[in-house]
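Here is what each chain is made of, one letter per residue.
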There are 4 protein chains.
Amino acid sequence: MTRHTILLTGFEPFEQEPLNPSWEAVRALDGWPCAGAHVAARQLPCVFGQALQVLEQLMEELKPALVICVGQAGGRSQMSLERVAINVDDARIADNAGRQPIDQPIRSGGPAAYFSTLPIKGMAKAMRAAGIPAEVSQTAGTFVCNHVFYGLMDRLAAHAPAVRGGFIHIPYIPSQAARHPGQPSLALETLVEGLRIALQSAMTLQQDVEEGGGQLH
Amino acid sequence: MTRHTILLTGFEPFEQEPLNPSWEAVRALDGWPCAGAHVAARQLPCVFGQALQVLEQLMEELKPALVICVGQAGGRSQMSLERVAINVDDARIADNAGRQPIDQPIRSGGPAAYFSTLPIKGMAKAMRAAGIPAEVSQTAGTFVCNHVFYGLMDRLAAHAPAVRGGFIHIPYIPSQAARHPGQPSLALETLVEGLRIALQSAMTLQQDVEEGGGQLH
Amino acid sequence: MTRHTILLTGFEPFEQEPLNPSWEAVRALDGWPCAGAHVAARQLPCVFGQALQVLEQLMEELKPALVICVGQAGGRSQMSLERVAINVDDARIADNAGRQPIDQPIRSGGPAAYFSTLPIKGMAKAMRAAGIPAEVSQTAGTFVCNHVFYGLMDRLAAHAPAVRGGFIHIPYIPSQAARHPGQPSLALETLVEGLRIALQSAMTLQQDVEEGGGQLH
Amino acid sequence: MTRHTILLTGFEPFEQEPLNPSWEAVRALDGWPCAGAHVAARQLPCVFGQALQVLEQLMEELKPALVICVGQAGGRSQMSLERVAINVDDARIADNAGRQPIDQPIRSGGPAAYFSTLPIKGMAKAMRAAGIPAEVSQTAGTFVCNHVFYGLMDRLAAHAPAVRGGFIHIPYIPSQAARHPGQPSLALETLVEGLRIALQSAMTLQQDVEEGGGQLH
């Protein structure tokens with residue numbers, strides 16, 4: 001089977017925000033042709049469990065060649081290529097359905113973690129070369145973003161191990177930072193351009209670049 | 001005499017940067033008509049003393065109705081409306097001519113400080129209302145930016161007390177942050193739009209808005 | 001008249017804190033003999049106006065050889081030797097009497113600012129040499145700390161220009177940081193030791209050290 | 001077999017530091033009796049591979065009832081109870097033997113991650129209740145600390161699954177922060193007291209406390 005769709009997801013707004021930059025950025029790329037495939041941009045609910053059900057249905061339906069989920073990381077300065085998803089939900093705030101799990105496994109008996117199968121070093125390098133602030137991140141947190149990232153990798157491992165998948169966290173956009181004094185942000189145009197380069201790298205890099213991207217702690 | 005020029009200055013690059021976002025943003029507004037005046041965008045050298053000589057010459061020549069100097073504040077997340085300029089040069093790095101003064105007064109015998117005469121609270125409020133991250137800042141540092149800000153206010157106090165003047169610090173643009181891991185940035189378009197609103201507010205607000213903009217420490 | 005008292009003030013708690021580390025640190029030094037003088041530790045109310053009245057009364061009564069006021073700077077990592085006090089009250093929160101002035105001068109017609117007359121570079125250097133995190137700070141904020149600092153310098157300028165005065169901001173202590181996730185702190189013992197060195201340097205250094213301590217912005 | 005030893009390790013200095021606070025804090029507890037056991041404090045080299053060999057030898061020799069490894073996290077404000085160790089070495093700087101692996105697995109074919117088996121929520125809660133700044137952390141980085149943490153959990157999983165193990169990151173001490181302007185620190189006494197409470201909680205809490213300690217991202 002040849003797969004011709006890139007599934008790119010963003011989230012609905014949460015935590016009283018009027019918008020979610022991940023959805024704004026992602027939907028700007030709906031239909032975009034990239035390396036012989038086309039982007040299908042879809043929105044996920046910011047709800048534990050339900051977000052994964054929607055994602056799995058989309059994967060079933062679209063049979064994507066690549067899956068990248070995108071989420072808001074208010075307070076970060078750069079676009080972050082997440083390295084690892086961990087098997088735990090530990091919510092500081094309630095999700096959009098009012099659920100706030102503490103220290104619950106995402107899949108009981110599942111592995112403790114999955115690494116991204118995206119060429120994250122090469123993606124970050126290409127983004128920076130194009131003037132987009134980007135870094136590899138060692139934690140995707142323990143809220144719905146990590147939940148979706150883990151569920152994605154768990155499903156790919158079971159059903160489509162050759163299909164690359166991963167997660168990108170993005171900062172606020174300026175209109176959000178204008179209401180959160182001191183918080184960094186990036187323009188929507190910068191985010192969309194960054195995602196474009198990320199997708200292209202993820203589709204075309206045969207293997208990842210060997211380049212430092214770790215943290216001392 | 002009716003004054004029809006808004007003098008808007010940016011700096012040349014310093015500290016090994018290939019560009020200075022203050023100049024990139026400022027020159028995009030050269031000739032822009034604003035509240036019955038026109039913007040004259042000019043570049044200042046990043047050199048103690050010399051920067052002020054150029055500024056004074058420009059003020060002499062252009063007889064501006066408003067003077068706003070803009071400078072790069074690498075590491076800040078927001079556009080900062082500076083509240084106060086202090087009478088001291090204390091340079092952590094050498095300027096572009098290799099000078100690095102420590103604890104030298106900008107003008108011997110001059111007052112310890114000048115407050116901005118811009119309606120900084122109203123400007124920040126208008127910028128935020130338009131979705132631009134903006135704040136009032138209580139320190140412009142002790143490098144060439146503060147030097148120019150102090151010199152500007154000192155000269156206006158002596159020769160043109162009715163003319164408003166002040167200083168705006170701006171973050172890196174994304175291409176700079178891509179080389180400075182973890183640093184925040186704002187797109188050039190965001191900075192230009194922010195300056196446009198700032199200028200308009202500075203030209204049209206009769207008096208400043210009463211709104212908190214201080215810091216506990 | 002020979003002056004034999006060092007007036008060292010701390011503040012009462014504010015903003016719902018059970019204690020104020022400035023008062024805890026300061027009172028530990030009450031009676032401490034230093035360079036031929038003795039420390040008189042006194043508490044100031046965290047109230048605009050009233051804090052200055054108490055300070056002035058203490059200065060009248062004690063005729064101090066040196067005055068250092070100390071205040072809490074929750075969120076800072078180091079002990080900060082403040083360089084400059086500015087003539088404005090701009091309160092983000094109400095003081096302990098419920099007052100919240102916005103953009104009010106501390107003394108109408110007073111100078112825009114006063115520089116500390118302490119040898120702040122030499123004090124910071126001595127503190128660091130003893131292993132105490134210390135820096136020169138370019139802003140004391142616009143709340144009651146800056147208010148007291150400005151009022152102190154204003155009074156010294158008028159009545160006792162030969163007497164050195166200034167302000168030191170200190171971080172939370174650990175028990176406070178334990179309730180403010182992510183905030184830095186220093187042990188009370190570290191703060192007391194830092195103040196001891198600061199006082200000694202302020203009493204004995206004939207003139208300040210020439211050493212960089214500025215900020216780019 | 002009844003196990004009566006708590007193995008508590010710290011690291012030798014690295015990155016040009018004259019000391020490593022993890023070793024200074026740990027060795028202060030050597031011999032300390034805790035919940036029916038005694039602390040054996042040992043130093044690990046800051047070298048990939050070699051650190052794990054030393055650790056395994058110590059575990060073989062001491063048959064500890066509990067193993068907690070401690071490491072320096074310069075830049076953090078609080079004591080961090082690490083939640084998860086990941087199977088990757090990605091070094092931003094060379095270790096003390098000059099090695100700088102990039103994206104190498106710690107154990108080829110090992111699981112992607114291990115969760116700490118310490119009651120980290122309960123430990124953090126007890127520490128905060130005693131006035132010690134403490135938090136749960138979602139990443140131990142990708143340097144020698146994470147390497148040791150992963151190796152420890154890997155070995156415990158294989159050979160002593162009933163023995164609890166985990167990792168605690170600690171901030172600089174003040175004398176280090178005095179040379180790293182702006183960095184937070186905690187006094188050695190605070191760190192030692194924090195470790196004491198951590199050990200006691202790890203030895204006595206039957207199961208972990210249900211309390212939020214996650215991150216949104």
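Thresholds, definitions, all that
Residues numbered from 1 in each chain as written. Chains lettered and ligands numbered in written order. Predicted model: local features only at pLDDT ≥ 70, side-chain atom pairs only at ≥ 80, totals over all residues. Heavy atoms only, no water. Helix = DSSP H or I, 4+ residues; strand = E, 2+ residues; numbered from the N terminus. Buried < 20%, exposed > 50% of the residue type's maximum accessible area, 1.4 Å probe, protein only. Contact = heavy atoms within 4.5 Å. Buried area = accessible area lost by both parts, 1.4 Å probe. Salt bridge = Lys/Arg side-chain N within 4 Å of Asp/Glu carboxyl O. Polar contact = N/O pair within 3.5 Å; in protein donor to acceptor, adjacent residues only side chain to side chain. Nonpolar A, V, L, I, M, F, W, Y, C, P; charged D, E, K, R; others polar. Least-squares fit on C-alpha atoms with pLDDT ≥ 70 in both. Pairing = 2+ DSSP bridges. Axes fitted to C-alpha atoms, helices over the stretch in contact; angles between N-to-C directions. Lys, Arg positive; Asp, Glu negative; His and termini not counted. UniProt positions renumbered as here; feature names shortened; annotations may be inferred. Phe/Tyr/Trp six-rings, centres within 6.5 Å; stacked < 30°, edge-to-face > 60°. Lys NZ or Arg CZ within 6 Å of the ring centre and 35° of its normal. Expected span 1.5 Å × (residues − 1). Disulfide = S-S within 2.5 Å. Parallel < 35°, antiparallel > 145°, perpendicular 65-115°, else oblique. Left-handed = near helix turned anticlockwise from the far one by under 90°.

The subject of this paragraph is the overall build of chain A. Of regular secondary structure, chain A possesses six helices and nine strands. Judged by the C-alpha coordinates and their principal axes, chain A covers about 40 × 40 × 40 Å. Here chain A holds 217 residues, and 62% of them are scored as buried. In chain A, of all internal contacts separated by at least 6 residues, the share reaching a separation of at least 24 is 78%.

All right, on to the interface of chain B and chain C then. At the junction of the two partners, chain B supplies 34 residues and chain C supplies 34 residues. A combined buried area of about 2900 Å² lies between chain B and chain C, and 61% of that area is made up of carbon and sulfur atoms. Scanning the region where chain B abuts chain C turns up eight salt bridges. The partner of Asp103(C) in a salt bridge is Arg83(B), and the shortest N-O contact between them spans 3.1 Å. Where chain B packs against chain C, one counts 20 residue pairs in polar contact (both at pLDDT 80 or more). The residue inventory of the side of chain B that touches chain C, partitioned by class, reads 13 nonpolar, 12 polar and nine charged.

At an RMSD of 0.0 Å, chain A and chain D line up after a rotation of 180° and a shift of 0.0 Å along the axis. On the angle and the small slide along the axis, the relation comes out as a two-fold axis. Most of the interface of chain A is mirrored in chain D, where 100% of its interface residues again form contacts.

Turning next to the sheet that holds strand E8 (residues 134-137) of chain C. All names here are of chain C. Here seven strands make up an open sheet; going across it, the order is E2-E3-E1-E4-E9-E5-E8 and the pairing mixed. The sheet is open, and its two borders are formed by strand E2 (33-34) and E8, each paired with just one other strand. Bridging between E2 and strand E3 (residues 37-44) involves two bridges; their strand directions are antiparallel. Bridging from a neighbouring strand, Pro33 pairs with His38 of E3. The strands that helix H3 (residues 120-129) touches are strand E4 (66-72), strand E5 (79-82), E8 and strand E9 (164-170); relative to E8, the one it contacts most, it runs at about 160°.

Mapping chain B onto chain C calls for a screw motion: a turn of 180° about the axis and a shift of 0.0 Å along it, with 0.0 Å RMSD after fitting. By residue overlap, the copies meet face to face through one surface: 100% of the interface positions of chain B are interface positions in chain C.

What follows is about the side chain of Arg164(A). All names here are of chain A. In this fold, Arg164 is placed in strand E9 (residues 164-170). For the buried Arg164, no salt bridge is present, and the opposite-charge side chain at shortest range is Asp208, 7.5 Å distant. A distance of 3.1 Å separates a polar side-chain atom of Arg164 from the backbone oxygen of Gln206.

Take the interface of chain A and chain D next. Each side of the interface is counted separately: chain A has 34 residues, and chain D has 34 residues. Both faces combined, the contact of chain A with chain D buries some 2900 Å², and carbon together with sulfur accounts for 62% of it. The interface formed by chain A and chain D includes eight salt bridges. Along the contact surface separating chain A from chain D lie 20 residue pairs in polar contact (both at pLDDT 80 or more). Of all the elements in the fold, those that place two or more residues in the side of chain A that touches chain D are strand E6 (84-86) and strand E7 (113-115) of chain A. For the side of chain A that touches chain D, the element with the most residues is E7(A), which contributes three residues.

All right, on to the UniProt feature "active site" (unreviewed entry) in chain A then. Residues and elements named next belong to chain A. In this numbering, the UniProt entry assigns the feature "active site" (unreviewed entry) to Glu82, Cys145 and His169. These annotated residues cover 88 residues of sequence, and their C-alpha atoms all fall within 10.4 Å of one another, placing them together at a single site. You can see Cys145 is positioned in helix H4 (residues 144-159). Ignoring any residue separated from it by four or fewer positions in sequence, one finds Cys145 in contact with Phe11, Gly71, Gln72, Ala140, Phe167 and His169.

With that settled, the discussion passes to the sheet that holds strand E5 (residues 79-82) of chain D. Residue and element names in this part refer to chain D. Taken in spatial order, the seven strands make up an open sheet running E2-E3-E1-E4-E9-E5-E8, and their pairing is mixed. On the outer flanks of this sheet lie strand E2 (33-34) and strand E8 (134-137), each paired with one strand and no other. When E5 meets strand E9 (residues 164-170), the two strands line up antiparallel, connected through two bridges. Considered in E9, the bridge of Leu81 is made with Ile168. In this fold helix H3 (residues 120-129) packs onto strand E4 (66-72), E5, E8 and E9, with an angle of close to 160° to the strand it touches most, E8. Taken strand by strand, helix H6 (residues 188-204) contacts strand E1 (5-11), E2, strand E3 (37-44), E4, E5 and E9, and its axis lies near 155° from that of E4.

It is worth spelling out the pairing of E3(C) at this point. Within a regular strand, the side chains alternate between the two sheet faces. Residue and element names in this part refer to chain C. Relative to E3, strand E1 (residues 5-11) is paired through seven bridges, and the arrangement is parallel. In the strand pairing of E3, Leu8 is matched with Ala41. In textbook terms, the turn of a hairpin is the stretch between consecutive antiparallel strands, and for E2 and E3 this stretch comprises two residues, one of which, Ala35, has a positive phi near 55°.

For the coordinates displayed, the defined rule picks out 56 salt bridges over all chains. Members of the salt-bridge network, linked through shared partners, are Glu56(A), Glu60(A), Lys63(A) and Arg155(A).

Here we take up unusual backbone geometry. All names here are of chain C. One non-glycine residue, Glu15, adopts positive backbone phi at about 55°. Tracing the chain through its elements places Glu15 in the loop between E1 and helix H1 (21-27). Assessed through its relative accessible area of 35%, Glu15 is described here as partly exposed.

To describe a pair of aromatic rings, one takes the distance between the centres and the angle between the planes. In this structure the tally under the stated criterion is 16 aromatic pairs over all chains. A centroid spacing of 5.8 Å and a plane angle of 40° characterise the contact between Phe14(D) and Phe143(D), whose relative ring orientation is tilted. In this pair, Phe14(D) sits in the loop between E1 and helix H1 (21-27) while Phe143(D) sits in the loop between E8 and helix H4 (144-159), placing the two residues 129 residues apart along the sequence. Residues Phe14(D) and Phe143(D) agree in their burial class; the two are buried. For Arg196(B), the ring lying beneath its charged end belongs to Trp32(B), and the centroid distance is 5.6 Å.

Counted at 1.5 Å a residue, the expected span for H6(D) with its 17 residues is 24 Å, and the 24 Å between its end C-alpha atoms agrees. Of all the positions in H6(D), only Thr190(D), Leu191(D), Val192(D), Gly194(D), Leu195(D), Ile197(D), Ala198(D), Leu199(D), Ser201(D) and Ala202(D) are classed as buried.

Within the structure shown, the criterion is met by zero disulfides over all chains. Free of any disulfide, Cys34(C) has its nearest neighbouring cysteine sulfur in Cys69(C), separated by 16 Å.

We now examine the packing of H3(D) against H6(D). All names here are of chain D. It is at 9 Å that the axes of H3 and H6 come closest, and there the two elements cross at 140°. Considering their axes alone, H3 and H6 lie oblique with respect to each other. Note that H3 runs across H6; the crossing there is right-handed. Judged by residue contacts, Gly122, Met123, Ala126 and Met127 of H3 engage Gly194, Ile197, Ala198, Ser201 and Ala202 from H6. Taken together, the residues of the contact of H3 with H6 sort by class into six nonpolar, three polar and no charged.

The next subject is the pairing of strand E4 (residues 66-72) of chain A. Residue and element names in this part refer to chain A. With seven of its seven residues buried, E4 lies for the most part within the structure. Going residue by residue along E4, you find Leu66, Ile68, Val70 and Gln72 tucked away on one face and Val67, Cys69 and Gly71 tucked away on the opposite face as well. Pairing of strand E1 (residues 5-11) with E4, which is carried by four bridges, proceeds in the parallel orientation. The residue bridging Thr9 from the neighbouring strand is Cys69, located in E4. The pairing of E4 with E9 spans seven bridges and is parallel. By the bridge assignment, Gly71 is partnered in E9 with His169.

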